[in-house]
Structure formats: structure tokens, C-alpha cells
Amino acid sequence: MTLRKGTKISQGRDLEGNYVSIDGKKEYYDTPVMARYVYYCALRGMDRIQVPADLEAVLKEFEEDLESWRKSIETEIESITDDEKYRAKLFELCVKKLNYPPMLDKPS
């Protein structure tokens, strides 16, 4: 499958169904799982993707990894400073540098 490349990427659901919006153009998908997969791929800048046979399991593992990485980053930052503003800035820089999906944008 091919994807449009863009800089403003979001995912959502409206009356027409599950979609991924890339620079304002919505593409609709049959399931929320497929929309999430396309969303993550688009965030990574991919323009050609293959859909895994067990898409739900792949997404679950990926999202668990993201959560684990987010927690590891937070733990490391907490060991550096107690200043909440500095922690938030360090977290923001790490997320940006590592090009993580927006689900990691804010520390828990």
C-alpha cells in the first residue's frame, strides 16, 4: 500500500469511519487497528507499507514497546534532575530527537 507523505499527521474517527489525515487529506480505513497502523507508518515518513498478517498483535507489541521506552526515558530524566520544568523540557527533547509518535509527547 502507498501512503502520502506529509508533515501534519493525525488519526481520528468521525461519522464516516476511522481515518488518518495527512496534511488535511483524510483516508478512511475499515478498522481502528488499520488506521493506527497507517498512522504510525505515516509518522515515521514511510510512503510504502506492507500490512502484517497479524496486525493487531504487531500493534499491541509496538505500543507496549513505546510505553516501555517512555517509562525508561522518564526514569532516566528523573535520575538527572528534580526540577519539573527541566524534566519536561528534557523529555520533549528526547521525544523529538528520537522521532517518537505523539502518544509519547507528555510524560505521565
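Residues numbered from 1 in each chain as written. Predicted model: local features only at pLDDT ≥ 70, side-chain atom pairs only at ≥ 80, totals over all residues. Heavy atoms only, no water.

Chemist: Got a minute to help me understand helix α2 (residues 55-80) in this structure?
Modeler: Given 3.6 residues to a turn, an α-helix orients residues that are three or four positions apart in the same direction. The end-to-end C-alpha distance of α2, which contains 26 residues, comes to 38 Å, matching closely the 38 Å that a straight helix rising 1.5 Å per residue would cover. Those residues of α2 lying buried are Leu55, Leu59, Glu63, Leu66, Arg70, Ile73, Glu74 and Ile77. Check the buried side of α2 and you find it contacts α1 (32-43) and α3 (84-98). (Helix = DSSP H or I, 4+ residues; strand = E, 2+ residues; numbered from the N terminus. Expected span 1.5 Å × (residues − 1). Buried < 20%, exposed > 50% of the residue type's maximum accessible area, 1.4 Å probe, protein only. Contact = heavy atoms within 4.5 Å.)

Chemist: Before we go on, may I ask you to explain the nonpolar core in this structure?
Modeler: Most often, soluble globular proteins have nonpolar side chains that are buried together. With 18 residues, the main nonpolar core has Leu3, Val20, Tyr29, Tyr37 and Val38 as its most contacted residues. Breaking this core down by element, the ones donating at least two residues are β2 (17-22), α1 and α2. Excluding its chain neighbours within four sequence positions, the residues that come into contact with Leu3 are Tyr29, Val38, Cys41, Ala42, Met46, Asp47 and Ile49. (Core = buried A, V, L, I, M, F, W, Y, C linked by side-chain atoms within 4.5 Å.)

Chemist: Which parts of the structure should I look at to understand the pattern of salt bridges?
Modeler: Pairs can form between side chains of opposite charge once their charged atoms are near each other. Under the definition given, this model contains 10 salt bridges. When the shortest N-O distance is used, the salt bridge between Lys26 and Asp14 registers 3.1 Å. A residue pair is termed long-range when its members are at least 10 positions apart, and Lys26 in strand β3 (residues 25-29) and Asp14 in strand β1 (residues 9-14) qualify at 12 residues. Among the charged side chains, a network of salt bridges with common partners joins Glu67, Arg70, Lys71 and Glu74. (Salt bridge = Lys/Arg side-chain N within 4 Å of Asp/Glu carboxyl O.)

Chemist: Sorry if this is basic, but what is going on with the pairing of β3 here?
Modeler: Consecutive side chains of a regular strand alternate in pointing toward one face of the sheet and then the other. As judged from the five bridges shared by β2 and β3, these two strands associate in the antiparallel manner. Across the sheet, the residue bridging to Ser21 is Lys26, located in β3. (Pairing = 2+ DSSP bridges.)

Chemist: Would you mind going over the side chain of Glu63 with me for this structure?
Modeler: Position of Glu63 among the secondary structure elements: in helix α2. If we ignore the near neighbours within four places in the chain, the residues touching Glu63 are Arg36 and Tyr40.

Chemist: Even after reading the chapter, I still don't get the packing of aromatic side chains, so can you show me in this structure?
Modeler: Each aromatic ring pair is summarised here by two numbers: the centre-to-centre distance and the angle between the ring planes. Under the definition given, this model contains three aromatic pairs. Look at Tyr39 and Tyr40: their rings are 5.7 Å apart centre to centre, the planes differ by 45°, and that puts the pair in the tilted class. Assessed through its relative accessible area of 10%, Tyr40 is described here as buried. Positioned over the ring face of Tyr19 is Lys26, at 4.3 Å from the centre of the ring. (Phe/Tyr/Trp six-rings, centres within 6.5 Å; stacked < 30°, edge-to-face > 60°. Lys NZ or Arg CZ within 6 Å of the ring centre and 35° of its normal.)

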